[in-house]
Protein chains: 2
Amino acid sequence: MDIKNRRTIRKYKTDDVSEELLSRLLDEAARAATMGNMQLYSVVVTRDKEMKHRLSPLHFNQPMVMNAPVVLTFCADFHRFTYWCHQRNADAGYDNFLSFINAASDTLLFTQAFTTLAETEGLGTCYLGTTVYQPQGIIDVLGLPRLVFPITTITVGWPDEMPEQTDRLPLAGLLHKEKYHDYVADDIDRIYALKESLPENQHFVAINQKENLAQVFTDCRYTRRDNEFLSTGMLEALKQQGFL
Amino acid sequence: MDIKNRRTIRKYKTDDVSEELLSRLLDEAARAATMGNMQLYSVVVTRDKEMKHRLSPLHFNQPMVMNAPVVLTFCADFHRFTYWCHQRNADAGYDNFLSFINAASDTLLFTQAFTTLAETEGLGTCYLGTTVYQPQGIIDVLGLPRLVFPITTITVGWPDEMPEQTDRLPLAGLLHKEKYHDYVADDIDRIYALKESLPENQHFVAINQKENLAQVFTDCRYTRRDNEFLSTGMLEALKQQGFL
């Protein structure tokens, strides 16, 4: 297990990932911490090509969805627990926002534990942040019932590339002792200096005809307009699934 | 790294966890996947006894807060990124719900990567789900600015106990192939059978004078009333911090 040398893998060999291996890794990952030991998550395994075709546009046609042997959609799940409560004449009060956050947290800890185990096994993974962009579409394709919500997706397969590691901010820029020390302009310059200096990032600035890298993020990659539009859709989907 | 043999550790030796070790582990954990490589998180390190005293009631006085040498509050942080954008004349549109979810996801993947690394090093950890119960209190104590929100807390120290591993649901109960297969009553019985049969759980049922374990969860541990009350507080804190 070597988190410090990991990289995201987007190209996979055609070799399959066996059900046995996948089950063993998911089973071990379920040892991750979970709120009150409730295990508020489910995972939907996609191997079928037709199902991948249906998921693909919901992930903006990122090619990993079609090319990875396995696509895993990790879902916050209070449905199973609630069903258990109903069967036992217990009043399950989990159709609310806090319960969504609890289940989403459980889900992400489980997902990251799985990712680490998979990478230790030599598998490559890629997170698809697009999972919460059009959640209603994923809910429909996967048939997720009330109190189940897609939180993240990873594609999994045997690596067919070894990309350079991407940059990270200096730890000092993320770490606060005792209290949050707010930044001053010099701190910000220092924290983002490496990122701004990288040739590939300067290339993005040039081809997008922007003044700097921050504008590539705000004007091209993660725009206010998109974020606000997608926020509305996500809140609607949360209502639809019973969490708001 | 041995996730499958892990257990949550709530009792710690008085030995310190050095700054050097903590920094190395946090730095390695930052290799975890992050949305667009934005690293939308900060971590506040609490070692000071007075600060622990102030955090303790916000975590319902769980003794780990006072007894662990280190308490780490992992926060979703779009403030630093937004500050960078402002400094670069870029329109940062991250004061919305989707951005909160993106930052919270980044935070939890980072936290779980750290937890795995810390446990590999022989450290013990305990997650405090209480972090989102009274977020405004934590925001005030740690001085978190707008667009920063506490997501989870872990206590960290050298283990002074080796508890039994807790139970987990059978993997088949969490796994769905291609589509979410809804449960029937028999599935629910089978999935929760082990949990319901455990002597410690039967003991909880008895001392709480309940009919079954599900009622211990719904009537004592995670009640509708508490969940609804805490949901309101969390949504208010999200508004206050600029994410809604």
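Nothing here was measured: the structure is a model prediction, and the numbers come from that model.

### Things to note about the overall build of chain A
Stage number 1. For chain A, the helix and strand inventory stands at 10 helices and 5 strands.
Stage number 2. Within chain A, the fraction of its 244 residues that count as buried is 60%.
Stage number 3. Sequence-distant contacts, at least 24 apart, represent 78% of the contacts inside chain A between residues at least 6 apart.
Stage number 4. Surface exposure of chain A reaches about 9700 Å², of which carbon and sulfur atoms provide 50%.
Stage number 5. Side-chain charges in chain A split into 25 positive and 32 negative, and the spacing between the mean points of these groups amounts to 1 Å.

### Points about the nonpolar core
Stage number 1. Core analysis: the largest hydrophobic core is formed by 178 residues, its most contacted members being Phe100(A), Phe114(A), Phe100(B) and Phe114(B).
Stage number 2. Split by domain, the residues of this core number at least three in each of domain 1 (3-164) and domain 2 (171-221) of chain B.

### A word on the packing of aromatic side chains
Stage number 1. Inspection of the entire model under this criterion finds 33 aromatic pairs over all chains.
Stage number 2. Centre to centre, the rings of Phe78(B) and Tyr94(B) are 4.5 Å apart; their planes meet at 5°, and the pair counts as stacked. Placement of Phe78(B) in the loop between β2 (70-77) and α4 (79-87) and of Tyr94(B) in the loop between α4 and α5 (97-120) is noted, with a sequence separation of 16 residues between them.
Stage number 3. Accessibility expressed as a relative area gives 1% for Tyr94(B), which makes it buried.
Stage number 4. Joined through ring pairs, the aromatic side chains of Phe97(A), Phe100(A), Phe149(A), Phe243(A), Phe97(B), Phe100(B), Phe149(B) and Phe243(B) make up one cluster.

### Looking at the interface of chain B and chain A
Stage number 1. Residue-level contacts link 113 residues of chain B with 113 residues of chain A.
Stage number 2. Carbon and sulfur atoms supply 59% of the area that chain B and chain A bury against each other, a total of about 10400 Å² over both sides.
Stage number 3. Our count for the contact surface shared by chain B and chain A stands at 10 salt bridges.
Stage number 4. Among the salt bridges present, the one from Arg224(B) reaches Asp95(A), with a minimum N-O distance of 3.4 Å.
Stage number 5. If you look at where chain B meets chain A, you find 72 residue pairs in polar contact (both at pLDDT 80 or more).
Stage number 6. With 14 residues, α5(B) is the largest single contributor of residues to the side of chain B that touches chain A.

### Considering the sheet that holds β2(B)
Where strands meet in a sheet, backbone hydrogen bonds hold them as pairs that are either parallel or antiparallel.
Stage number 1. Strand order in the open sheet made by the 5 strands is β5(A)-β1(B)-β2(B)-β4(B)-β3(B), with mixed pairing throughout. Strands at the two margins of the open sheet, each flanked by one partner only, are β5 (175-177) of chain A together with β3 (124-128) of chain B. Across the sheet, the mean angle separating the axes of adjacent strands is 25° when strand polarity is ignored.
Stage number 2. Of the strand pairs in this sheet, strand β1 (residues 41-46) of chain B and β2(B) are connected by 6 bridges, and their pairing is antiparallel. By the bridge assignment for β2(B), Val44(B) is matched with Thr73(B).

### What about the side chain of Lys52(A)?
All names here are of chain A.
Stage number 1. With respect to the helices and strands, the residue lysine 52 is situated in helix α2 (residues 49-55).
Stage number 2. In this structure lysine 52 is buried but unpaired, with aspartate 16 as the nearest side chain of opposite charge at 7.3 Å.
Stage number 3. With near-sequence residues (within four places) excluded, lysine 52 lies in contact with Thr46, Arg47, Val65, Met66, Ala68, Pro69 and Val71.

### A word on helix α5 (residues 97-120) of chain A
Residue and element names in this part refer to chain A.
Stage number 1. The end-to-end C-alpha distance of α5 is 35 Å, a good match for the 34 Å that 24 residues give at a rise of 1.5 Å each.
Stage number 2. Of all 24 residues that make up α5, 22 are buried, and the element is covered over most of its length.
Stage number 3. Phi turns positive, to about 100°, at glycine 122, one or two residues after α5.

### Remarks on the relation of the copies chain B and chain A
Stage number 1. Of the transformation placing chain B onto chain A, the axial shift is 0.0 Å and the rotation is 180°, giving an RMSD of 0.0 Å. Overall, the copies show the geometry of a two-fold rotation axis.
Stage number 2. Take the interface residues of chain B: 100% of them recur as interface residues in chain A, which is what a same-surface contact looks like.

### Observations regarding the state of the cysteines
Stage number 1. In total, this model carries 0 disulfides over all chains according to the counting rule given.
Stage number 2. Looking at the unpaired Cys220(A), the closest cysteine sulfur is the one in Cys85(B), lying at 12 Å.
Stage number 3. Given a relative accessible area of 35%, Cys220(A) falls into the partly exposed group.

### Remarks on the pattern of salt bridges
All names here are of chain A.
Stage number 1. Scanning the entire structure with this criterion turns up 30 salt bridges over all chains.
Stage number 2. Between arginine 6 and glutamate 119 there is a salt bridge, with the nearest N and O atoms lying 3.0 Å from each other. Remark: glutamate 119 occurs in helix α5 and arginine 6 occurs in the segment before α1 (19-29); sequence separation between them is 113 residues.
Stage number 3. By relative accessible area, which is 8% here, arginine 6 ends up buried.
Stage number 4. Linking arginine 190 and aspartate 187 is a salt bridge whose minimum nitrogen-to-oxygen distance equals 2.7 Å. On the criterion of helical spacing, the pair formed by arginine 190 and aspartate 187 is a turn pair, its members being 3 residues apart in helix α7 (residues 185-197).
Stage number 5. For arginine 190, a relative accessible area of 57% translates into the label exposed.
Stage number 6. Its relative accessible area of 16% is what places aspartate 187 among the buried residues.

Conventions we followed
- Residues numbered from 1 in each chain as written.
- Chains lettered and ligands numbered in written order.
- Predicted model: local features only at pLDDT ≥ 70, side-chain atom pairs only at ≥ 80, totals over all residues.
- Heavy atoms only, no water.
- Helix = DSSP H or I, 4+ residues; strand = E, 2+ residues; numbered from the N terminus.
- Buried < 20%, exposed > 50% of the residue type's maximum accessible area, 1.4 Å probe, protein only.
- Contact = heavy atoms within 4.5 Å.
- Areas by Shrake-Rupley, 256 points an atom, 1.4 Å probe, with all protein chains shown as cover.
- Lys, Arg positive; Asp, Glu negative; His and termini not counted.
- Charge placed at Lys NZ, Arg CZ, Asp CG, Glu CD.
- Core = buried A, V, L, I, M, F, W, Y, C linked by side-chain atoms within 4.5 Å.
- Domains from an automatic or database assignment.
- Phe/Tyr/Trp six-rings, centres within 6.5 Å; stacked < 30°, edge-to-face > 60°.
- Buried area = accessible area lost by both parts, 1.4 Å probe.
- Salt bridge = Lys/Arg side-chain N within 4 Å of Asp/Glu carboxyl O.
- Polar contact = N/O pair within 3.5 Å; in protein donor to acceptor, adjacent residues only side chain to side chain.
- Pairing = 2+ DSSP bridges.
- Axes fitted to C-alpha atoms, helices over the stretch in contact; angles between N-to-C directions.
- Expected span 1.5 Å × (residues − 1).
- Least-squares fit on C-alpha atoms with pLDDT ≥ 70 in both.
- Disulfide = S-S within 2.5 Å.

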